[in-house]
Amino acid sequence: DGWSVRPLHSSLGYVLANDEHVVIVFSGTKDIADWLYNLSGDQVRGYGGRVHSGFASRLEIVWEQLNRIVREARDNDQKLLLTGHSRGGALASLAARQLEDAGLRPELIVAFGAPRVGDAGYAANHRLNLYRIENAGDPVPRFPKGQYVSEGTRLYLSVEGVHTLDGPDDEAANSLGEMAGLAARGAFRLAGGASWQETLMDELVGRAIAHHGMTSY
């Protein structure tokens, strides 16, 4: 009760506010154009390091509006929260840094299934209270590769429960476990008469899409 809702330009999200909280919700990937932005590995300088050029350009579209709405809505020193899924999580991470620089420090950022946003410099300078929620079967939080590093605290969801990923070695161990499970399921399907093409599509593509969906979080 008592929530106001204001949309952001280009269907990139909403700002919700009441007497206690201002919540920025960024929308996730919607179409092929969005995926092209997501998959681009190009980086630009900013935010304390180098960041994904596609995500930075998306945030630039709504920054002036977002800054104005948050200042108008935050009339009672409410706690500022940000969240989003997939691309929305990446935008939440970037927007939190820019809001902090503008004197509007967020209380909490929660990103669900978000791709990596920037390099080691960006991750090191992102000292806000950010949690990256990662489903064990979702490949998106592990991309882009190369110069990209995950920022914040990573909470990993698997059949064993929830635990924190401490670094590359921890991630590698989990990846090996997932690969073993993939091989076992694939062998079972092939033994049952499925073609290798069908098995590959179902196990790699189908499962990846299913695990990335917000319903898996």
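Remember, predicted model here, so these are calculated numbers, not experimental data.

**Q** So what about the overall build of the protein chain? Which residues, and what values?
**A** A tally of regular secondary structure across the protein chain gives 6 helices and 10 strands. Across the 217 residues in the protein chain, those meeting the buried criterion constitute 44%. Expressed as a percentage of contacts within the protein chain between residues at least 6 apart in sequence, the contacts between residues at least 24 apart total 60%. Counting only carbon and sulfur atoms, one obtains 57% of the accessible surface of the protein chain, whose full area is about 11,100 Å².

**Q** Account for the packing of helix H2 (residues 53-73) against helix H3 (residues 87-101), naming residues and giving values.
**A** For the pair H2 and H3, interaxial distance at closest approach is 10 Å and the crossing angle is 55°. By the angle between their directions, the pair H2 and H3 is classed as oblique. Like other packed secondary-structure pairs, H2 and H3 cross with a definite hand, here right-handed. Residues Phe55, Ala56, Arg58, Leu59, Trp63 and Leu66 of H2 form the contact with H3, whose own contacting residues are Arg87, Ala90, Leu91, Leu94, Ala95, Gln98 and Leu99. Each residue belonging to the contact of H2 with H3 can be placed in one class, and the counts come to 10 nonpolar, 1 polar and 2 charged.

**Q** I'd love a proper account of the nonpolar core, names of residues and values included.
**A** If you look at soluble globular proteins, the nonpolar side chains tend to sit buried side by side. One finds Ile24, Phe26, Leu59, Leu66, Leu80, Leu82 and Leu94 to be the most contacted residues of the largest nonpolar core, which totals 33 residues. Considering every element that reaches this core, the biggest residue donor is H2, with 9 residues.

**Q** Could you give me a rundown of the pattern of salt bridges, with the residues and numbers involved?
**A** Tallied over the full model, the rule gives 8 salt bridges. The partner of Arg132 in a salt bridge is Glu134, with the nearest N and O atoms 3.5 Å apart. Relative accessible area serves as the criterion here: at 1%, Arg132 is assigned to the buried category. Across the pair Arg132 and Glu151 runs a salt bridge, and its minimum N-O distance is 3.7 Å. Here Arg132, found in strand E8 (residues 130-135), pairs with Glu151, found in the loop between E8 and strand E9 (153-158); they are 19 residues apart in sequence, far enough to count as distant. Residues joined in a network through salt bridges with shared partners are Arg97, Glu100, Asp101 and Arg105.

**Q** Please give an account of the side chain of Ser93 that cites residues and values.
**A** Mapped onto the elements of the fold, Ser93 is located in helix H3. Aside from chain neighbours lying at most four places away, what touches Ser93 is Ile109, Val117, Tyr122, His126, Leu130 and Glu151.

**Q** So what about unusual backbone geometry? Which residues, and what values?
**A** For the bond running from Phe143 to Pro144, omega is -10°, close enough to zero to count as cis. Within the secondary structure, Pro144 is located in the loop between E8 and E9. Despite not being glycine, Ser11 shows a phi value in the positive range, around 55°. If you trace the backbone, Ser11 turns up in the loop between strand E1 (4-7) and strand E2 (13-17). In this structure, Ser86 takes a positive phi of about 60° despite not being glycine.

**Q** Describe H3, listing the residues and the values that go with them.
**A** With 15 residues, H3 should cover 21 Å at 1.5 Å per step; its first-to-last C-alpha distance of 22 Å lies within 8% of that length. The buried count for H3 comes to 13 of 15 residues, which makes it a mostly enclosed element. Among the residues trailing H3, Gly103 stands out with phi positive, at a value near 85°.

**Q** Describe the side chain of Asn67, and please don't skip the residues or the numbers.
**A** Among the structural elements, Asn67 can be located in helix H2. Apart from residues no more than four positions distant in its own chain, Asn67 is found in contact with Ala102 and Leu104.

**Q** Any chance you could break down the packing of aromatic side chains for me, citing the residues and the numbers?
**A** Evaluation of the coordinates by the stated rule reveals 0 aromatic pairs. A cation over an aromatic ring shows up here: Lys145 above the ring of Phe143, its NZ or CZ 5.1 Å from the ring centre.

**Q** Which residues make up the pairing of strand E3 (residues 21-26), and what values do they have?
**A** In this sheet, E3 lies alongside E2 in antiparallel orientation, the contact comprising 5 bridges. Each residue of the ladder has a partner; that of Val15, found in E3, is Ile24. Linkage of E2 to E3, two consecutive antiparallel strands, is achieved through a turn of 3 residues. Alignment of E3 against strand E6 (residues 79-85), held across 6 bridges, turns out to be parallel. Note that in E6 the partner of Val22 across the bridge is Leu80.

Reading the values: rules and limits
All residue numbers refer to position in the chain's written sequence, counted from 1. Under the rules for a predicted model, residues below a pLDDT of 70 receive no local features and side-chain atom pairs below 80 are neither given nor counted, while totals for whole chains, interfaces and linings still include all residues. Computation of side-chain values covers all heavy atoms of the structure but excludes hydrogens and water. Secondary structure elements are defined from DSSP: runs of H or I of at least 4 residues count as helices, runs of E of at least 2 residues count as strands, and each element is numbered from the N terminus. Here's how the labels work: a residue is buried when its accessible area is under 20% of the maximum for its type, exposed when over 50%, partly exposed in between, all with a 1.4 Å probe on protein chains only. For this analysis, residues touch if any pair of their heavy atoms sits within 4.5 Å. A 1.4 Å probe and the Shrake-Rupley method give the accessible areas. Residues count as covered only by the protein chains that appear here. For helices, the fitted line uses only the C-alpha atoms of the stretch in contact; every axis is such a line through C-alpha atoms, and the angle between N-to-C directions lies from 0 to 180 degrees. An angle below 35 degrees is treated as roughly parallel, one above 145 as roughly antiparallel, one from 65 to 115 as roughly perpendicular, and anything else as oblique. Crossing handedness is defined as follows: a turn of the near helix away from the far one that is anticlockwise and smaller than a right angle gives a left-handed crossing, while the clockwise case is right-handed. Residues are sorted three ways: Asp, Glu, Lys and Arg are charged, Ala, Val, Leu, Ile, Met, Phe, Trp, Tyr, Cys and Pro are nonpolar, and all the rest, Gly among them, are polar. Here, nonpolar core means buried Ala, Val, Leu, Ile, Met, Phe, Trp, Tyr and Cys residues that are tied together by side-chain atoms lying within 4.5 Å of each other. Note on definitions: salt bridges are taken to be side-chain nitrogens of Lys or Arg within 4 Å of carboxyl oxygens of Asp or Glu. In a helix, the anticipated span is given by 1.5 Å times the number of residues less one. Paired rings are identified among Phe, Tyr and Trp, the last through its six-membered ring, by centres lying within 6.5 Å, and are further divided according to the angle between planes into stacked (under 30 degrees), edge-to-face (over 60) and tilted (the rest). By definition, being over a ring means that NZ of Lys or CZ of Arg is both within 6 Å of the ring centre and within 35 degrees of the ring normal. Any two strands between which DSSP finds at least two bridges are classified as paired.

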